[in-house]
Amino acid sequence: MTEIQSPGDTYSVIGKSVKRIDGKAKVTGQAKYTGDLKFPGMLVGKILTSPYAHARIVHIDTSAAEKLPGVKAVITHKDVPSQKYGISPARWDENIFCIDKALFVGDKIAAVAAVDEETVYKALKMIRVEYEVLPAILDPLKAMDEDAPLIQADYPHNINTEIHQNFGDVEKAFAESFYVRTDRFVGQRAYQTPIEPHSAISLWDGDKLTVYSSTQSPHYFQYYIARQFGLPLGNVRVLKTYIGGGFGGKLEPTGLEFAGAALAKITGKPVKMFYDRHEMFAHNRGRHRQYMNLTTGVDKEGKILGVHADFLMDGGAYTSLGVASAYYAGALLTILYDFPNYRFDMYRVYTNLPACGAQRGHGHPQPRFAFESHLDNIAHHLGLDPIDLRLRNARKPGTITPNEFKVGSCALQAAIEKARDISHWDEKRKTLSQGRGIGIGLGAFVSGAGYPIYRTDLPHAAAVIKVNEDGSSATLYTGAVDIGQGSDTILCQMAAEAMGYSFEKMNIISADTEAAPHDFGAYASRQTLMSGAAVKQAGEEVKNQLLELAASSFGVPAAELDAQAEIIYVKEKPERRRTFADVAREFFVKKGPLVGKGSYIPPKLGGKFKGAAVGTSPAYSFAAQVTEVEVDEETGEVNLVEAWDVHDCGQVINPALLHAQVHGAFFMGMGESVWEEVLFDKKGKILNANLADYRIPTALDMPQFHSELVDSYEPNAPWGVKEVGEGATTPTMGSIANAIYHATGVRINSLPMSYEKVWRALKEKRERDSRANV
Amino acid sequence: MYLPDFDYYAPPDLSEACRLLREFGSRAKILAGGTDLLHKMKHEEFTPEVIISLKNLSALREIRSEPGQDLLIGALATQNEIANSSLLQEKYRSISEAAWNMANNQIRHMGTIGGNIVNAVPSADLPPILIVLGARITLVSTEGERTVPLEEFFLGVHKTVIRDDEILTQVIVPAQTTTGSTYIRFGLRKSGALAIAGVAVAVTMEGEICRSARIVLAAAAPLPLRARQAEQVIVGQRVTPGLLEQAGLAAAQESRPRSSIRGSTEYRRDLIRVLTRRALHKAIQKEHI
Ligand SMILES: Cc1cc2nc3c(=O)[nH]c(=O)nc-3n(C[C@H](O)[C@H](O)[C@H](O)COP(=O)(O)OP(=O)(O)OC[C@H]3O[C@@H](n4cnc5c(N)ncnc54)[C@H](O)[C@@H]3O)c2cc1C
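Residues numbered from 1 in each chain as written. Chains lettered and ligands numbered in written order. Predicted model: local features only at pLDDT ≥ 70, side-chain atom pairs only at ≥ 80, totals over all residues. Heavy atoms only, no water.

Participant: Pulling in residues and values, what's your account of the overall build of chain A?
Facilitator: Each helix and strand in chain A was counted, giving 18 helices and 28 strands. What you see for chain A is a C-alpha radius of gyration of 27 Å, in line with the 28 Å of a compact globule of 774 residues. In terms of overall dimensions, chain A has a C-alpha envelope of 95 × 75 × 50 Å along the principal axes. The proportion of buried residues among the 774 residues of chain A is 64%. Here the contacts in chain A between residues at least 6 apart in sequence split such that 80% fall between residues at least 24 apart. As presented, chain A carries roughly 27300 Å² of accessible surface, and 52% of it is formed by carbon and sulfur atoms. Taken as two groups, the 84 positive and 92 negative side-chain charges of chain A have centres that lie 2 Å from each other. (Helix = DSSP H or I, 4+ residues; strand = E, 2+ residues; numbered from the N terminus. Rg over C-alpha atoms; globule rule 2.2 N^0.38 Å. Buried < 20%, exposed > 50% of the residue type's maximum accessible area, 1.4 Å probe, protein only. Contact = heavy atoms within 4.5 Å. Areas by Shrake-Rupley, 256 points an atom, 1.4 Å probe, with all protein chains shown as cover. Lys, Arg positive; Asp, Glu negative; His and termini not counted. Charge placed at Lys NZ, Arg CZ, Asp CG, Glu CD.)

Participant: Could you give me a rundown of the overall build of chain B, with the residues and numbers involved?
Facilitator: Across its full length, chain B holds 11 helices and 14 strands. With respect to the principal axes defined by its C-alpha atoms, chain B has extents near 60 × 45 × 30 Å. A burial count over chain B gives 54% of its 289 residues as buried. Of the contacts formed within chain B by residues at least 6 apart in sequence, a portion of 62% connects residues at least 24 apart. As displayed, chain B offers around 12400 Å² of accessible surface, 48% of which is attributable to carbon and sulfur atoms.

Participant: Please provide a residue-by-residue account of the side chain of His460(A), values included.
Facilitator: Of note, His460(A) is situated in the loop between strand 18 (436-446) and strand 19 (461-467). Once you skip the residues sitting within four places of it in the chain, His460(A) turns out to touch Ala449(A), Gly450(A), Tyr451(A), Pro452(A), His518(A), Asp519(A), Phe520(A), Arg526(A), Met530(A), Tyr600(A) and Pro602(A).

Participant: So what's going on with the interface of chain A and chain B? Which residues, and what values?
Facilitator: Interface size, as often reported, equals the accessible area lost upon joining of the parts. With 30 residues of chain A in contact, the opposing surface of chain B contributes 24 residues. Roughly 2400 Å² of surface becomes buried between chain A and chain B when both sides are summed, with 49% attributable to carbon and sulfur atoms. Taken together, chain A and chain B are joined by 8 salt bridges. For Arg278(B), the salt bridge goes to Glu634(A), with nearest N and O atoms at 3.0 Å. For the side of chain A that touches chain B, the elements supplying multiple residues, two or more each, are helix 3 (117-126) and helix 18 (755-773) of chain A. Split by residue class, the side of chain A that touches chain B holds 11 nonpolar, 5 polar and 14 charged. (Buried area = accessible area lost by both parts, 1.4 Å probe. Salt bridge = Lys/Arg side-chain N within 4 Å of Asp/Glu carboxyl O. Nonpolar A, V, L, I, M, F, W, Y, C, P; charged D, E, K, R; others polar.)

Participant: Describe the pattern of salt bridges, and please don't skip the residues or the numbers.
Facilitator: Two side chains of opposite charge can pair, provided their charged atoms sit close to one another. The full count for this structure, using the stated rule, is 72 salt bridges over all chains. With a closest N to O distance of 3.1 Å, Glu196(A) and Lys250(A) form a salt bridge. Of the two residues, Glu196(A) is situated in the loop between strand 8 (179-187) and strand 9 (199-205) and Lys250(A) in the loop between strand 11 (236-239) and helix 6 (255-267); the sequence distance between them amounts to 54 residues. Residue classification places Glu196(A) among the buried residues on the basis of a relative accessible area of 9%. What makes Lys250(A) buried here is its relative accessible area of 1%. Here Arg163(B) and Asp165(B) are joined by a salt bridge, their closest N and O atoms 3.1 Å apart.

Participant: Describe in detail the domain arrangement of chain B, supporting the description with residues and values.
Facilitator: In terms of domain boundaries, chain B breaks down into domain 1 (7-52), domain 2 (60-173) and domain 3 (180-287). Put simply, the middle of domain 1 of chain B and the middle of domain 3 of chain B, counted by C-alpha atoms, are 35 Å apart. (Domains from an automatic or database assignment.)

Participant: So what's going on with the sheet that holds strand 22 (residues 561-564) of chain A? Which residues, and what values?
Facilitator: Residues and elements named next belong to chain A. Ordered by their spatial adjacency, 3 strands build an open sheet running 22-23-24, and the pairing between neighbours is antiparallel. Both outer strands of the open sheet, strand 22 and strand 24 (577-579), are each paired with one neighbouring strand and no more. Averaged over neighbouring strand pairs, the angle between their axes works out to 20 degrees when direction is ignored. Pairing of strand 22 with strand 23 (residues 567-570), which is carried by 4 bridges, proceeds in the antiparallel orientation. By the bridge assignment for strand 23, Ala563 is matched with Ile568. The sheet contacts of helix 14 (residues 527-554) involve strand 22, strand 23 and strand 24, and relative to strand 22 the element is tilted by about 125 degrees. Sheet contacts for helix 15 (residues 580-591): strand 23 and strand 24; angle to strand 24, the most-contacted strand, approximately 70 degrees. (Pairing = 2+ DSSP bridges. Axes fitted to C-alpha atoms, helices over the stretch in contact; angles between N-to-C directions.)

Participant: Describe helix 8 (residues 322-331) of chain A, and please don't skip the residues or the numbers.
Facilitator: In an α-helix, one turn spans 3.6 residues, which is why side chains three or four residues apart end up on the same side. Residues and elements named next belong to chain A. With respect to burial, helix 8 is a largely interior element, 10 of its 10 residues being buried. Among all positions in helix 8, only Gly322, Val323, Ala324, Ser325, Ala326, Tyr327, Tyr328, Ala329, Gly330 and Ala331 are buried. Buried positions along helix 8 lie against strand 7 (159-167), strand 13 (289-298), strand 14 (304-316), strand 15 (341-350), helix 9 (365-382) and strand 18.

Participant: Would you mind going over the pairing of strand 2 (residues 28-31) of chain B in detail, with residue names and values included?
Facilitator: All names here are of chain B. As judged from the 4 bridges shared by strand 2 and strand 3 (residues 50-53), these two strands associate in the parallel manner. What sits directly across from Lys29, in strand 3, is Ile51. For the crossover that starts at strand 2, traverses helix 2 (residues 37-42) and ends in the parallel strand 3, the hand is right-handed. (Right-handed = clockwise from strand over helix to strand, strands pointing away.)

Participant: Give me the lowdown on the site of the ligand, citing residues and values where you can.
Facilitator: All names here are of chain B. Close to the ligand lie 31 residues; Ile30, Thr35, Gln79, Thr112 and Asn116 are nearest. Interatomic distance of 3.0 Å between a backbone N/O atom of Leu168 and a nitrogen atom of the ligand. Protein coverage of the free-state accessible area of the ligand, which is 960 Å², stands at 91%. Broken down by element, the residue count for the shell around the ligand peaks at 4 residues, all from helix 7 (residues 113-118). (Near = heavy atom within 4 Å. Polar contact = N/O pair within 3.5 Å; in protein donor to acceptor, adjacent residues only side chain to side chain.)

Participant: Break down the packing of aromatic side chains for me, with residues and values.
Facilitator: Residues and elements named next belong to chain A. In the structure shown here, the tally under the stated rule is 32 aromatic pairs over all chains. Look at Trp92 and Tyr224: their rings are 6.4 Å apart centre to centre, the planes differ by 85 degrees, and that puts the pair in the edge-to-face class. Remark: Tyr224 occurs in helix 5 (residues 218-229) and Trp92 occurs in the loop between strand 3 (71-75) and strand 4 (101-102); sequence separation between them is 132 residues. In this structure Tyr224 comes out as buried when scored by relative accessible area, which is 1%. Geometrically, the ring pair formed by Tyr220 and Tyr454 is edge-to-face, given 5.9 Å between the ring centres and 80 degrees between the ring planes. One end of the pair, Tyr220, is in helix 5; the other, Tyr454, is in the loop between strand 18 and strand 19, and 234 residues separate them in sequence. For Tyr454, a relative accessible area of 6% gives the class buried. Clustering of aromatic rings is evident, with ring pairs tying together Trp92, Tyr220, Tyr223, Tyr224, Tyr454, Phe520 and Tyr523. Against the face of Phe274 rests Lys46, its NZ or CZ located 4.0 Å from the ring centre. Above the ring of Trp719, the side-chain terminus of Lys536 is found at 5.1 Å from the ring centroid. (Phe/Tyr/Trp six-rings, centres within 6.5 Å; stacked < 30°, edge-to-face > 60°. Lys NZ or Arg CZ within 6 Å of the ring centre and 35° of its normal.)

Participant: Please give an account of the sheet that holds strand 12 (residues 271-274) of chain A that cites residues and values.
Facilitator: Residue and element names in this part refer to chain A. Overall, mixed pairing links the 7 strands, which are arranged 3-5-1-12-9-10-11 in an open sheet. Strand pairing shows two members of the sheet lacking a second neighbour, strand 3 and strand 11, which therefore form its edges. Mean inter-strand twist for the sheet, computed between neighbouring axes without regard to direction, equals 20 degrees. Seen against the sheet, helix 3 touches strand 1 (43-49), strand 3, strand 5 (108-114) and strand 12 and runs at an angle of roughly 25 degrees to strand 1.

Participant: Provide a residue-level description of the packing of helix 18 of chain A against helix 11 (residues 265-286) of chain B, including the pertinent values.
Facilitator: When two helices pack together, their arrangement is captured by the angle between the axes and the distance separating the axes. Interhelical geometry of helix 18 of chain A versus helix 11 of chain B gives an angle of 80 degrees and a closest axis separation of 11 Å. In terms of their interaxial angle, helix 18 of chain A and helix 11 of chain B are classed as roughly perpendicular. Residues Tyr755(A), Glu756(A), Trp759(A), Arg760(A) and Lys763(A) of helix 18 of chain A form the contact with helix 11 of chain B, whose own contacting residues are Glu266(B), Tyr267(B) and Asp270(B). A breakdown of the residues in the contact of helix 18 of chain A with helix 11 of chain B according to their chemical character gives 3 nonpolar, no polar and 5 charged. (Parallel < 35°, antiparallel > 145°, perpendicular 65-115°, else oblique.)

Participant: Requested: an account of the side chain of Thr729(A), with residues and values cited.
Facilitator: All names here are of chain A. When you line up the elements, Thr729 lands in the loop between strand 28 (704-709) and helix 17 (732-744). Given a relative accessible area of 0%, Thr729 falls into the buried group. Polar side-chain contacts of Thr729 include one of 3.2 Å to the backbone oxygen of Ala665. Beyond its immediate sequence surroundings of up to four residues, Thr729 is in contact with Arg287, Arg360, Pro365, Ala665 and Gly669.

Participant: So, the confidence of the model for chain A: which residues are in play, and what are the values?
Facilitator: Residues at a pLDDT of 70 or more form 99% of chain A, whose mean pLDDT is 97. Between residues 1-8 of chain A, whose pLDDT stays under 50, and residues either more than four places distant or in other chains, the model counts 16 contacts. (pLDDT = per-residue confidence, 0-100.)

Participant: Explain unusual backbone geometry residue by residue, including any values.
Facilitator: All names here are of chain A. Here the amide bond leading from Leu751 into Pro752 is cis, since omega sits at -10 degrees, within 30 degrees of zero. Checked against the element boundaries, Pro752 lands in the loop between helix 17 and helix 18. The backbone of Glu566 shows a phi angle near 75 degrees, a positive value even though the residue is not glycine. Its place among the elements puts Glu566 in the loop between strand 22 and strand 23.

Given below as structure tokens:
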């Protein structure tokens, strides 16, 4: 195992804002994304989707499309394996193409490959599908009704996942409470909206398949594509080039990979498939719509005694990663505040809408919004400052949650206090004028999931470092996936630090199942800790081999040597030194390739109850966010004025990238707070599958933003690191909700807190107030 | 998404453009900035057989005025050119501000004033301010040219008095006797959101008395809507905050906004009340800025 250095050590590579390794390629336009790639003879493919939310497929006639000049193949379910797949092994419920029923507007019916894009679009229109339209369920609250039509035959009452967890004795806690409060909140359907649309290029060479894909996890793609086509893993190579964002939406293989592979096989040509913007929305796998009842009992001082979370989520037509989303929704509510009694009930139901999955903060941001709003209501009732209430309940390091998550490092209290101080909270709570308000929300997240998505004993991460013959460069091979967050950069920093080398001489080959060793990929905020642990081990193996060799030339034991910044030296007499390159070259001459390898398996984590695995992690990040808003009380317009994020994310590898993650996470969180919502018409068709009406915020909407840190070091992680990418999205909705409440005195219980909702709530409040006055 | 097939012409001058338009009539569409047309074609709301691009007609891009005379804005002037024109900033800041506050930077670089008018959608940001300033437009065909008050141009959504063979060439803003004007729009984020309500106002003040007022609402009816009752509330009156609120209420009452995913009728009405009051207040205070 990797040894743990103490935080006092000095480092030469980590902790510095080195420039992104891919920065130049990206800003000069040199970087090629999957959609930019071309191969000789490459065809273009697209998928025909269902126009109905729920319909029996009576007949598909592809003959006219097949006759169109330039069309090379038209396929339906008859041409592909019929076995079901899904990213959640517990619920494989999706087919490459619908076999007898289409389950949502956008469900996959057929696909075409043709010589160019124009021909493909024309051919799609020439496929005749006869449907028998069935009654559809668009309202998740009606999905479990007795007379509701059944969406998936194997799931009675349209229940996809049902969870009942009970820790301690919540009823007793409520009975002993000074104040028990119930609030109901609603979270909206949101979509990840990565800038780069999904695309995939499939090529066969004999019975070997290569897929270039815009993916967050080549491994899961490889695993499920191989399974679907009955191939050994070694016959499927999945790789990515550059990725323009994922946020959870590119974690599972899509129709583009499955249909693309089938089309490429049939035509014998490379096939490029892609989604248009509106197709991305239909494929979805974004944030679930969620109904959240929270009941909390507190004592007189505001100490939380027990919590009951009673939730229902709209899963859409398929499982996607939704089983995990459902568990996460309740599991992570126990992380931030220390209370002994907890009950969690959840139904994830099927509807005839696009399937939902994991979106930045996976399952957690909406329950966090609910809980942070709920806590402010409690503080208000007790006459407590919301920060004092939070400090009273804030989790301490070295504690265990009622659902058996072990929390190691935790600087939550320091983060809250710092957020309070730098935002001038105390003063602003008292002096801000009407319409102006300041609110706080806390957040937390896993630094990697304790268990992979499907059951396997493979290590979670692995890395190989190969030093060039003359020691003038080294290449890191890792399955970790840089989707824009900067993992290629920080993993090279970590490699160089562990080797005693320099960042500038590092190269990286990542996210290629053939060239790089296995890693589960970019999700659950896992790569800095988990991939980083494997990289550190590989780097140290390189270093140790060099020290061994150098030991004889210095005539001292290897233990008395060290390497840093390309210098190998005697610790007691640092003037006795050789360059890294010199020793590396000697190594190659005498012993052959200088290679280091590492792998990471998390310790056994979690309890024994059903669902105990979800939410386990070697380490948890913590954050406190304060937002100041200005509300136009006549129009309901919400203007974010300023925001402060204070993070406990362990030791920082690259401050610039870290702060960029926090800025981006807040930006996404604020979009979901005020602007974003996927809307449907009465027949289940998306009304705003575009960037004009699905309003992600713009640069102009971003407030002045401060990202700060508290000292923290995680003993379970390489160099004490923790996550930041998702955790920083979790507090935002709550902090904005609480700021709006402070500004206006109205509590908006459903997301997004749109201008119209704020306007309406203010209007209703004025009406109430004027009735009370007469 | 893919553009349906069409034939493409980029005539060298206005007369050739008119000739082509005469030849193809309703089978053709004029292409200016394309920000609306191409989008509609991709969605097959329009499937013209012929596209006639005006890109070579650089004379139609000019913004100019001779001293003491009308101001002329060429139909191909883009929204950013209008926003950044020093001439407009000096004389009709209310027009350049309306252009600056609409759409987003990319769209403003391409979108033209002519397209914004001929497109004829209720949320268009430029017609209301142009109408309150009494603008006229010039329509040209092989038959000759005619000038139409902009206020009389619109008939409904995507419906105007323009004939299939006519090209809008310029917008004429007459020299003003009004003392102040402004346009206030309300969108659902700071950039790249269509107005869900907008109010343009031009007033003539004499001390504290409002001698004349024109108020035109955006996104309040199928076409830019003149709020005559609101105007009547203030014309001839000494302006007070209470009076402006009454004018706002009157405008809200005569507006007919539709409900959509961007906002309910009830919400848009109330926005019109608030924006009318604020726009009047601003125009009364601030001259043509
Ligand atoms: C993301 C986005 C945001 C937008 N935001 C706004 C906004 O905030 N406010 C707003 O008002 N609009 C907005 N628009 C709508 C619109 O694109 C612009 O208003 C623009 O002004 C249209 O001008 P254009 O030159 O691009 O027109 P085009 O698309 O070229 O043409 C539009 C129509 O007008 C006709 N036409 C154009 N010029 C002439 C002419 N000289 N003579 C005769 N017919 C002509 C065309 O045939 C076509 O039917 C937005 C559009 C997009 C895509």
